[in-house]
Amino acid sequence: MPPLTRWFIRIAFLYLVVGLLLGLLLALRPILPLPPFLTGTIPVYFHLFLVGWLTQLIFGTVFWLFPPADPPRPELEARLGWSALLLLNAGLLFRVVGEPAVALRPGSPWGWLLVISAICQWVGGLAYVILVWPRARERARAKGRREEAA
Amino acid sequence: MPALSVWFVRTALFYLLLGFTFGGLLLSNKGVPYAPALWRLRSLHIEILMVGWFIQFAMGVAFWIFPRWWHEPRRGDERGAYLAYGLLNLGIWAVALPLLFDWSGVFVTIGRVVEAAAALAFATHIWPRTVGREG
């Protein structure tokens, strides 16, 4: 398993744990006096699961499982892969901080943190798509066999 | 990776980027409001990422890696999987466009039926391939 895959998968599991703990806190709101900023974390809760956990688990596994690009481009793939990991996680962490802050103080400068978060996540997603697109391909042998049969 | 999986996966990647684009617009607009109308993209963002990215990607990878037969055709009857690809992508837009333009809920219902038909078609293909080594 390549190092990038290990990082994606380990971080994904951290998000799973954090997401479940946040879900527990949200469930306790009616019976415990919890800080009001927690109300602003409901969208964060969903994104911890869907971006932090599921998407990153897929990203890591795909990097490991998919056939190599043809021609191989290991340096470019490393740059794209690590950029995707850093940007996606930076974006998600900015959101974790920024979204409750904006919910508490709408119109405050904290809003710009959400703009930065959006840009980071989008560029991270783009880097990953550029990385994986040429690796989602038929192997030359299988393609040749199919063309022969035709 | 078989050709159909390439189609499933690349289409899923396209939806991933589209869904992230809509999500980015929604999030930035939440931080610094500049276009209240962008809020209409919320349902589309969810639909495109849940069905277009997650489900489509899972179908593509399942078609590729699930056990194959020792004899031809190695993946059995593939028609259900091809039908699923067509129906799923038709269904996504049949749901997404009415959500975006506030068309009647009837269109969304039709879209959901088409998506469910896609799931059924894929299940008919993958069911016999869900086996152990002993077959």
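Structure's up top.
What you see is a predicted model; the values in this text were computed from it and never measured.

Student: Give me the overall build of chain B: which residues, what numbers.
Tutor: Looking only at helices and strands, one finds 4 helices and 0 strands in chain B. When the helices and strands of chain B are placed in sequence order, the string is α-α-α-α. Across its three principal directions, the C-alpha atoms of chain B cover 60 × 30 × 20 Å. Across the 135 residues that make up chain B, the buried fraction comes to 41%. A fraction of 74% describes how many contacts in chain B between residues 6 or more apart in sequence connect residues 24 or more apart.

Student: I'd like a rundown of the interface of chain B and chain A, residues and numbers included.
Tutor: Facing 19 residues of chain B, the contacting portion of chain A comprises 24 residues. Elements with a contribution of two residues or more to the side of chain B that touches chain A: α1 (3-31) and α2 (41-65) of chain B. If you tally residues by element for the side of chain B that touches chain A, the top one is α1(B), at 14 residues. For the side of chain B that touches chain A, the class distribution of residues is 13 nonpolar, 4 polar and 2 charged.

Rules of the game
Residues numbered from 1 in each chain as written. Chains lettered and ligands numbered in written order. Predicted model: local features only at pLDDT ≥ 70, side-chain atom pairs only at ≥ 80, totals over all residues. Helix = DSSP H or I, 4+ residues; strand = E, 2+ residues; numbered from the N terminus. Buried ≥ 20, exposed ≤ 12 C-beta atoms within 10 Å, placed from the backbone. Contact = placed C-beta atoms within 7 Å. Nonpolar A, V, L, I, M, F, W, Y, C, P; charged D, E, K, R; others polar.

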